[in-house]
Amino acid sequence: GIMGIFLNLVLFIGKFLAGTFSHSIAITADAINNLSDAGSSFITLAGFKLASQKPDPDHPYGHGRIEYLSGLFVSLLIILMAVELLKTSVNKIIHPTETSISLLVMVILAVSILVKLYMSFYNRNIGKKIDSAALLATAADCRGDMISTLLVLISSGISYFWGFQIDGYCGLLVGLFILYSGFNAAKETIDPLLGKAPDKEYVEKIEEIVTSHDLILGIHDMMIHDYGPGRVVVSLHAEVPSDGDILEMH
């Protein structure tokens with residue numbers, strides 16, 4: 001989380017200055033995207049901390065769903081930023097202004113792509129190690145950011161070498177991409193809060209574990225409740241032989 005906050009803030013400052021000096025809405029949009037990622041990392045960090053609180057009398061199943069709520073809050077912020085960027089980009093398409101892209105600006109964007117590549121591998125490795133859906137989602141988001149920045153780099157290169165001004169259109173594409181990411185992230189947090197059905201493989205694994213006992217012939221009426229990452233409560237009815245010893249089966 002701290003790594004995400006630090007690197008995204010560095011990228012935001014670099015891109016924001018580059019966007020300001022070059023008058024490029026696409027680069028500024030990409031900078032705002034990095035700022036939202038820094039906010040996302042901060043809220044994820046706070047969400048992990050709050051979600052790790054122990055169960056209490058008012059919350060007997062713990063506070064794990066706070067992680068989903070923090071993710072939903074981040075998603076809404078991303079959607080809000082995307083809408084503002086889309087409005088600014090449309091305005092620039094209607095009232096175009098010339099951009100002044102330099103070689104330094106393109107170097108900043110290229111370095112940004114490499115940083116995001118590193119962050120993607122970093123989050124993916126740790127996410128797999130500690131089995132964290134939040135970090136694996138962050139890794140996927142970093143890969144999306146790489147595509148977004150690559151679009152901006154291509155736009156800047158076209159402006160620098162051939163003089164075509166497509167900055168507003170590129171800003172629009174980046175804004176739509178951020179909006180799509182925001183809706184996807186919101187769906188991933190809303191689904192478990194509403195009570196999403198478990199994966200088929202997850203159910204089959206539980207059935208495999210339970211029926212591995214010699215006295216259990218099958219199961220039915222399985223219920224799976226998700227109280228946050230790593231906090232799943234399962235109840236089920238175990239089917240046993242009718243002629244078995246009731247005490248041993250119990």
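About the cut-offs
Residues numbered from 1 in each chain as written. Predicted model: local features only at pLDDT ≥ 70, side-chain atom pairs only at ≥ 80, totals over all residues. Heavy atoms only, no water. Helix = DSSP H or I, 4+ residues; strand = E, 2+ residues; numbered from the N terminus. Rg over C-alpha atoms; globule rule 2.2 N^0.38 Å. Buried < 20%, exposed > 50% of the residue type's maximum accessible area, 1.4 Å probe, protein only. Contact = heavy atoms within 4.5 Å. Areas by Shrake-Rupley, 256 points an atom, 1.4 Å probe, with all protein chains shown as cover. Lys, Arg positive; Asp, Glu negative; His and termini not counted. Charge placed at Lys NZ, Arg CZ, Asp CG, Glu CD. Phe/Tyr/Trp six-rings, centres within 6.5 Å; stacked < 30°, edge-to-face > 60°. Axes fitted to C-alpha atoms, helices over the stretch in contact; angles between N-to-C directions. Parallel < 35°, antiparallel > 145°, perpendicular 65-115°, else oblique. Nonpolar A, V, L, I, M, F, W, Y, C, P; charged D, E, K, R; others polar. Salt bridge = Lys/Arg side-chain N within 4 Å of Asp/Glu carboxyl O. Patch = residues over 30% accessible without salt bridge, like charges linked within 9 Å, V, L, I, M, F, W, Y side chains within 5 Å. Left-handed = near helix turned anticlockwise from the far one by under 90°. Core = buried A, V, L, I, M, F, W, Y, C linked by side-chain atoms within 4.5 Å.

Caption draft 1: Layout of the overall build of the chain. The number of helices and strands found in the chain is eight helices and two strands. For 250 residues, the compact-globule estimate of 2.2 N^0.38 gives 18 Å, and the C-alpha radius of gyration of the chain, at 24 Å, exceeds that figure by more than 25%. For the chain, the spread of C-alpha atoms along the three principal axes comes to 85 × 35 × 30 Å. Buried residues in the chain amount to 37% of all 250 residues. Excluding contacts between residues fewer than 6 apart, the proportion of contacts in the chain whose partners are at least 24 apart in sequence is 65%. Working note: accessible area of the chain is about 14,800 Å², and carbon and sulfur atoms make up 68% of it. Of the charged side chains in the chain, 16 are positive and 25 negative, and the gap between their average positions amounts to 10 Å.

Caption draft 2: Geometry of the packing of aromatic side chains. One pass over the structure, following the stated rule, counts three aromatic pairs. Here Tyr61 and Tyr227 contribute two aromatic rings whose centre-to-centre distance is 4.4 Å and whose plane-to-plane angle is 10°, an arrangement assigned as stacked. Of this pair, Tyr61 sits in the loop between α2 (25-51) and α3 (66-94) while Tyr227 sits in the loop between β1 (218-226) and β2 (232-239); the two residues are 166 residues apart in sequence, bridging distant segments of the chain. Note on Tyr227: relative accessible area 18%, which makes it buried.

Caption draft 3: A look at the packing of α2 against α3. α3 packs onto α2 with a crossing angle of 170° between their chain directions and a minimal axis gap of 9 Å. As summarised for this structure, α2 and α3 are arranged roughly antiparallel, according to the angle between their axes. In this structure, α2 uses Ile25, Ala29, Ile32, Ser36, Ser40, Ile43, Gly47, Phe48, Leu50 and Ala51 to contact α3, whose residues at the interface are Ile66, Glu67, Ser70, Phe73, Val74, Leu77, Ile78, Met81, Leu85, Thr88, Ser89 and Lys92. Counted by class, the contact of α2 with α3 contains 14 nonpolar, six polar and two charged residues.

Caption draft 4: How the structure looks around the pattern of salt bridges. Counted according to the given criterion, the structure contains three salt bridges. Among the salt bridges present, the one from Lys116 reaches Asp37, with a minimum N-O distance of 3.2 Å. Residue Lys116 is found in helix α4 (residues 103-130), and its partner Asp37 is found in helix α2; the two are separated by 79 residues along the sequence. A relative accessible area of 4% places Asp37 in the buried class. Between Lys205 and Glu208 there is a salt bridge, with its nearest N and O atoms 3.9 Å apart. With Lys205 and Glu208 both in helix α7 (residues 200-211) and three residues apart, the pair spans about one turn of that helix. Of the residues examined, Glu208 reaches a relative accessible area of 49% and is grouped as partly exposed.

Caption draft 5: Representation of the side chain of Lys15 within the structure. Inspection of the secondary structure assignment puts Lys15 in helix α1 (residues 2-22). Once you skip the residues sitting within four places of it in the chain, Lys15 turns out to touch Ile27, Asp30, Ala31, Asn34, Ile108, Leu109, Ser112 and Thr149.

Caption draft 6: Region of interest: a nonpolar patch on the surface. Residues Leu103, Leu104, Val107, Val111, Tyr160, Phe161, Trp162, Phe164, Ile166 and Tyr169 make up a contiguous nonpolar surface patch of about 1,100 Å² in total accessible area. Going through the elements one at a time, α4 and α5 (133-162) are the ones with two or more residues in the nonpolar patch.

Caption draft 7: Quick look at the packing of α1 against α4. One can describe the packing of α1 onto α4 by two numbers: an axis separation of 10 Å at closest approach and a directional angle of 160°. As the angle between them shows, α1 and α4 are arranged roughly antiparallel. Here α1 runs over α4; the crossing is left-handed. Judged by residue contacts, Met3, Gly4, Leu7, Asn8, Leu11, Gly14, Lys15, Ala18 and Ser22 of α1 engage Val105, Ile108, Leu109, Ser112, Val115, Lys116, Tyr118, Met119 and Tyr122 from α4. Tallied by class, residues from the contact of α1 with α4 come to 11 nonpolar, five polar and two charged.

Caption draft 8: Examining the nonpolar core more closely. In this structure, Ile27, Val105, Val152 and Ile178 are the most contacted members of the largest nonpolar core, which totals 20 residues. Every element with two or more residues in this core is listed here: α2, α3, α4 and α6 (167-194). Ranked by residues supplied to this core, first place goes to α3 with six residues.

Caption draft 9: Inspection of the environment of Gly62 at higher detail. Mapped onto the fold, Gly62 is located in the loop between α2 and α3. Here Gly62 falls in the buried class, since its relative accessible area comes to 18%.

Caption draft 10: Expanded view of unusual backbone geometry. For Asp221, which is not glycine, the phi torsion reads 55° and is therefore positive. For Asp221, the position within the fold is in strand β1.

Caption draft 11: A look at a negative patch on the surface. Together, Asp199, Glu201, Glu204, Glu207 and Glu239 make up a region of like negative charge exposed at the surface. As for its placement among the helices and strands, Glu207 is situated in helix α7. According to the relative accessible area criterion, Glu207 is partly exposed, its value standing at 35%.

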